[in-house]
Amino acid sequence: MEIIVGQTSGFCFGVENAVNGTQKVLNDNGRVYCLGELIHNNQVIKSLEDCGMITVDNLNDVPKGEKVIFRAHGEAKKVYELAQQINLKVFDFTCPKVKAIHIKVEREKEKSFIIIVGKKNHPEIIGTKGFAGKNSYVIECEDDILDAYMEYEKTNLGRVYVFSQTTFSSSKFDKIVEEIQVNFYEADVFVDKTICDSTENRQQETREISKKVNKMIIIGGKNSSNTKEIAKVAEENCNHVYLVQTADDLKGVEFSGQDRIGIMAGASTPQKSINQIIDFLKA
Ligand code: SF4
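What comes next is a walk through the structure. (Residues numbered from 1 in each chain as written. Predicted model: local features only at pLDDT ≥ 70, side-chain atom pairs only at ≥ 80, totals over all residues.)

### Notes on the overall build of the protein chain
So, step 1. Per the secondary structure count, the protein chain includes ten helices and twelve strands.
So, step 2. In terms of overall size, the protein chain behaves like a compact globule, its C-alpha atoms giving a radius of gyration of 21 Å where 283 residues would be expected to give roughly 19 Å.
So, step 3. Long-range contacts, defined here as pairs at least 24 residues apart, represent 71% of the contacts in the protein chain between residues at least 6 apart. (Helix = DSSP H or I, 4+ residues; strand = E, 2+ residues; numbered from the N terminus. Rg over C-alpha atoms; globule rule 2.2 N^0.38 Å. Contact = placed C-beta atoms within 7 Å.)

Okay, structure coming up:
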């Protein structure tokens, strides 16, 4: 059996920063609240919760004066305002790449209709939309473009600024942008492909590995957007793609000594989880 492990597998810079930062806050303070799941990985969350992290879905569930973590996905502007109103100490681990998008969106929103290409319910997109204000629209697929155009027509803006979710599929973004340019032909359309290089490199390496193997294992949370995207990329070239969280998910899959197996992991997957899968395959 040959195993090829992607060099770009595992924690990205933003996730690593959020996990290490949270661990430091816990070491210094003993307890901290986290707004939403810190990362899409149950084992990492459990170990931080064992150290005192308390995950909440709503800022109003954090007692006044307490400490709260904003995760790498970022939050909407009104969430920062609410945190201030209820006197919370915020440890902001929004990834600098997401922060840069918020700054650009704020700069553009007075003069442009903002289009964000991404998953409507993804926390990063909810946060970015919260900075973009009313003259904005989220496009998830080509079918949304007409509705976006109707919203654009209600404004007096002649300029359209297109951003992307940092973990969106690069090829899907390019296709959607082509359609936007056709439909918004009389507007000045500016395209800012804000897909993170960590995401692009991971998708590219997945594409290359999946061409060389007969089975591909993608490790990551089932609700992780970037993990689902790399699984889709692998499926373009490989007929046996397994999206797993732990080695338990591989029980029942038949492996043989002739297999060439590719391994890639999402941005929220720690090295420990990757090693566990490699050990399982070797055993
Ligand atoms: S995928 Fe990129 S933008 Fe998102 S948290 Fe990681 S480094 Fe930041």
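### A short note on the site of the ligand
So, step 1. Around the ligand sit 14 residues in total, of which Cys12, Gly14, Cys95, Thr166 and Cys196 are the nearest.
So, step 2. Of all the secondary structure elements, the ones that give two or more residues to the shell around the ligand are helix H1 (13-29), helix H4 (96-108) and helix H8 (197-212).
So, step 3. Top contributing element to the shell around the ligand by residue count: H1, with three residues.
So, step 4. Looking at the shell around the ligand, its residues break down into eight nonpolar, five polar and one charged. (Near = placed C-beta within 6 Å. Nonpolar A, V, L, I, M, F, W, Y, C, P; charged D, E, K, R; others polar.)

### Overview of the nonpolar core
So, step 1. Val15, Ile69, Ile114, Ile115, Ile116 and Val117 are the most contacted members of the largest nonpolar core, which has 50 residues in total.
So, step 2. Considering every element that reaches this core, the biggest residue donor is strand S6 (residues 113-117), with five residues.
So, step 3. Both of domain 2 (13-95) and domain 3 (97-191) provide at least three residues apiece to this core.
So, step 4. Residues Ile218, Leu243, Val244 and Ile261 belong to the second largest nonpolar core, which totals 18 residues. (Core = buried A, V, L, I, M, F, W, Y, C linked by C-beta atoms within 7 Å. Buried ≥ 20, exposed ≤ 12 C-beta atoms within 10 Å, placed from the backbone. Domains from an automatic or database assignment.)

### Considering the environment of Ile176
So, step 1. Inspection of the secondary structure assignment puts Ile176 in helix H7 (residues 170-183).
So, step 2. Separated by 92 residues in the primary sequence, Ile176 and Ser268 have C-alpha atoms spaced 27 Å apart.
So, step 3. Aside from chain neighbours lying at most four places away, what touches Ile176 is Val117, Ile139 and Glu142.

### Comments concerning the packing of H4 against helix H5 (residues 123-132)
So, step 1. The interhelical angle for the contact between H4 and H5, taken along N-to-C directions, is 25°, at an axis separation of 8 Å. Relative to H5, the element H4 lies roughly parallel. In the packing of H4 onto H5, the handedness of the crossing is right-handed. Together, Val98, Ile101, His102, Val105 and Glu106 of H4 and Glu124, Thr128, Phe131 and Ala132 of H5 make up the contact between the two elements.
So, step 2. Taken together, the residues that form the contact of H4 with H5 break down as five nonpolar, two polar and two charged. (Axes fitted to C-alpha atoms, helices over the stretch in contact; angles between N-to-C directions. Parallel < 35°, antiparallel > 145°, perpendicular 65-115°, else oblique. Left-handed = near helix turned anticlockwise from the far one by under 90°.)

### A short note on the sheet that holds strand S8 (residues 159-164)
So, step 1. Across the sheet, four strands lie side by side as S7-S6-S8-S9; this open sheet has parallel pairing. Edge positions in the sheet fall to strand S7 (136-139) and strand S9 (188-191), since each of these pairs with one other strand and no more. Each neighbouring strand pair of the sheet contributes to a mean axis angle of 20°, computed without reference to strand direction.
So, step 2. Relative to S9, S8 runs parallel, the two being bridged by four bridges. Within the sheet, the bridge partner assigned to Val162 lies in S9 and is Val191. (Pairing = 2+ DSSP bridges.)

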